[in-house]
Amino acid sequence: MLSINGIPVKVEHFQDNTQKLHISDFDCNPFHIEWKYSNDEELVTLIFICGYLRDNYPDCTIRLEMLYVPNARMDRVEEKGDVFTLKYFCNVINSLQFDSVIVFDTHSKVTDALVDRMVKIPTEELLQKVLDIIHVGYFDNKFKSMTIVFPDRGAYDRYSSLEILKPFKKIIGNKSRDWKTGTLQDQELYGVDQLETGVPVLIIDDILSSGGTICKTISNIREVVNCPIYVYVSHCENKLIENDTENWEYIQKNVNKLYTTNGIYSCDCEKIQKIVW
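Residues numbered from 1 in each chain as written. Predicted model: local features only at pLDDT ≥ 70, side-chain atom pairs only at ≥ 80, totals over all residues. Heavy atoms only, no water.

Trainee: Please give an account of the environment of Phe 104 that cites residues and values.
Mentor: Looking at the secondary structure, you find Phe 104 in strand β7 (residues 100–104). For Phe 104, a relative accessible area of 0% translates into the label buried. Excluding its chain neighbours within four sequence positions, the residues that come into contact with Phe 104 are Met 66, Leu 67, Ile 121, Pro 122, Thr 123, Leu 126, Tyr 232, Ser 234, His 235, Thr 261 and Trp 277. (Helix = DSSP H or I, 4+ residues; strand = E, 2+ residues; numbered from the N terminus. Buried < 20%, exposed > 50% of the residue type's maximum accessible area, 1.4 Å probe, protein only. Contact = heavy atoms within 4.5 Å.)

Trainee: If you had to explain the pattern of salt bridges to someone new, which residues and values would you point to?
Mentor: Taken as a whole, this structure holds eight salt bridges when the rule is applied. The partner of Asp 112 in a salt bridge is Lys 120, with the nearest N and O atoms 2.9 Å apart. For Lys 120, a relative accessible area of 43% gives the class partly exposed. Put simply, Lys 253 and Glu 249 hold a salt bridge, and the shortest N to O gap is 3.2 Å. Of this pair, Lys 253 and Glu 249 are both found in helix α8 (residues 246–254), four residues apart, which corresponds to roughly one turn of the helix. For Lys 253, a relative accessible area of 64% corresponds to the exposed category. (Salt bridge = Lys/Arg side-chain N within 4 Å of Asp/Glu carboxyl O.)

Trainee: I'd like to hear about the sheet that holds strand β6 (residues 62–65), residue by residue, with values.
Mentor: If you walk across this open sheet you meet the six strands as β2-β1-β5-β6-β7-β8, and the pairing is mixed. Of all the strands in the sheet, the pair left with one neighbour each is β2 (7–8) and β8 (118–121). Bridge count between β6 and β7: three bridges; the pairing is parallel. Each residue of the ladder has a partner; that of Arg 63, found in β7, is Ser 100. (Pairing = 2+ DSSP bridges.)

Trainee: Quick rundown of the packing of aromatic side chains? Include the residues and the values.
Mentor: Enumeration over the complete set of coordinates arrives at seven aromatic pairs. Centroid distance Phe 26 to Phe 31: 5.5 Å. Interplanar angle 80°. Geometry classified as edge-to-face. In this structure, Phe 26 and Phe 31 share a single accessibility class: buried. Among the aromatic residues, ring-to-ring pairing joins Trp 35, Tyr 37, Tyr 68 and Phe 89 into one connected group. (Phe/Tyr/Trp six-rings, centres within 6.5 Å; stacked < 30°, edge-to-face > 60°.)

Trainee: Requested: an account of the packing of helix α6 (residues 212–222) against α8, with residues and values cited.
Mentor: The N-to-C vectors of α6 and α8 enclose an angle of 40°; their axes lie 10 Å apart at closest approach. The angle between α6 and α8 places the two elements in the oblique class. Once α6 is placed against α8, the crossing between them reads as left-handed. Between α6 and α8, the contacting residues are Gly 212, Ile 214, Cys 215, Ile 218, Ser 219 and Arg 222 on the first element and Asn 247, Tyr 250, Ile 251 and Asn 254 on the second. When the residues that make up the contact of α6 with α8 are grouped by side-chain class, the tally is five nonpolar, four polar and one charged. (Axes fitted to C-alpha atoms, helices over the stretch in contact; angles between N-to-C directions. Parallel < 35°, antiparallel > 145°, perpendicular 65-115°, else oblique. Left-handed = near helix turned anticlockwise from the far one by under 90°. Nonpolar A, V, L, I, M, F, W, Y, C, P; charged D, E, K, R; others polar.)

Trainee: Break down the packing of helix α1 (residues 41–56) against helix α2 (residues 85–95) for me, with residues and values.
Mentor: The contact between α1 and α2 brings their axes to 10 Å, and the two run at 20°. On the basis of the axis angle, α1 is roughly parallel to α2. Between α1 and α2 lies a crossing of left-handed hand. Counted together, Leu 43, Leu 46 and Ile 47 of α1 and Phe 89, Val 92 and Ile 93 of α2 form the full contact between these two elements. The class makeup of the residues in the contact of α1 with α2 is six nonpolar, no polar and no charged.

Trainee: Tell me about the nonpolar core, and name the residues and values.
Mentor: Ile 33, Trp 35, Leu 46, Leu 64, Met 66, Ile 93 and Phe 98 are the most contacted members of the largest nonpolar core, which totals 29 residues. Sorting the residues of this core by element identifies β1 (2–4), β5 (31–35), α1, β6, α2 and β7 as the ones contributing at least two each. The element best represented in this core is α1, accounting for five residues. Ile 203, Cys 227, Ile 229 and Val 255 belong to the second-largest nonpolar core, a separate cluster that totals 27 residues. (Core = buried A, V, L, I, M, F, W, Y, C linked by side-chain atoms within 4.5 Å.)

Trainee: With reference to specific residues and values, describe the side chain of Thr 45.
Mentor: For Thr 45, the position within the fold is in helix α1. Here Thr 45 falls in the buried class, since its relative accessible area comes to 2%. Setting aside its immediate chain neighbours within four residues, Thr 45 contacts Leu 2, Val 9, Val 11, Gln 19 and Leu 21.

Trainee: Could you give an account of unusual backbone geometry, with specific residues and numbers?
Mentor: At Asn 17, a position not held by glycine, the phi torsion is positive, near 75°. The backbone of Asp 59 shows a phi angle near 65°, a positive value even though the residue is not glycine.

Written as structure tokens, this is what we have:
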């Protein structure tokens with residue numbers, strides 16, 4: 001979904017399925033475009049509305065808020081024939097010459113390098129809200145221990161150095177995945193001897209898609225200890241909940257609460273709490 005200064009952009013279609021757009025008049029400048037990614041057609045809409053704004057409001061300032069960066073997981077190629085979609089997506093975004101591009105938790109440093117004039121919302125601010133909620137809800141306002149679990153090395157590299165996580169014990173996962181299919185093949189957790197019965201665990205990762213990694217992480221924890229499990233992911237895809245998959249059923253049964261942002265998540269589910277800044 002796209003909006004300009006808080007007003008949603010209504011997209012209609014002609015019979016050949018090309019877009020028909022009408023943009024309201026604006027008295028204000030700068031323009032703030034918010035893009036909550038849903039599908040790739042929205043990129044074409046973004047191109048059209050940027051062209052319209054620059055034609056009708058010369059020398060205007062245009063900011064893009066794109067909390068979830070599409071194609072961010074395709075941040076490298078492994079073999080001949082793989083298409084580096086993130087690179088080409090960022091080329092298009094850069095060609096639109098935004099004055100700033102506001103993002104949140106971009107999955108890898110590759111994205112940071114490819115997007116011009118990027119402004120990153122600090123992850124620490126959102127995680128602090130999650131920690132506050134867990135402490136109040138579970139510990140009855142009394143601080144006690146908690147264990148942080150990073151499902152893979154990527155999550156560890158992104159979050160482990162955050163100041164707010166330094167007091168906690170940490171467990172790191174190592175996983176292997178089939179590059180062509182994306183299927184999780186195996187995962188091993190290092191440091192599980194730190195887990196304690198009854199002491200909450202917070203799993204932290206950037207994207208929840210099929211749920212395979214989170215499910216495997218939960219299963220590995222459950223093999224060692226019985227404890228409350230919370231999950232924080234910066235971006236949660238709607239399809240996991242809408243399709244009511246086996247992985248989602250497993251997560252609902254084994255997780256006390258899942259926290260995410262409104263970057264792409266738009267469903268209404270009791271198990272999930274949206275954290276906004």
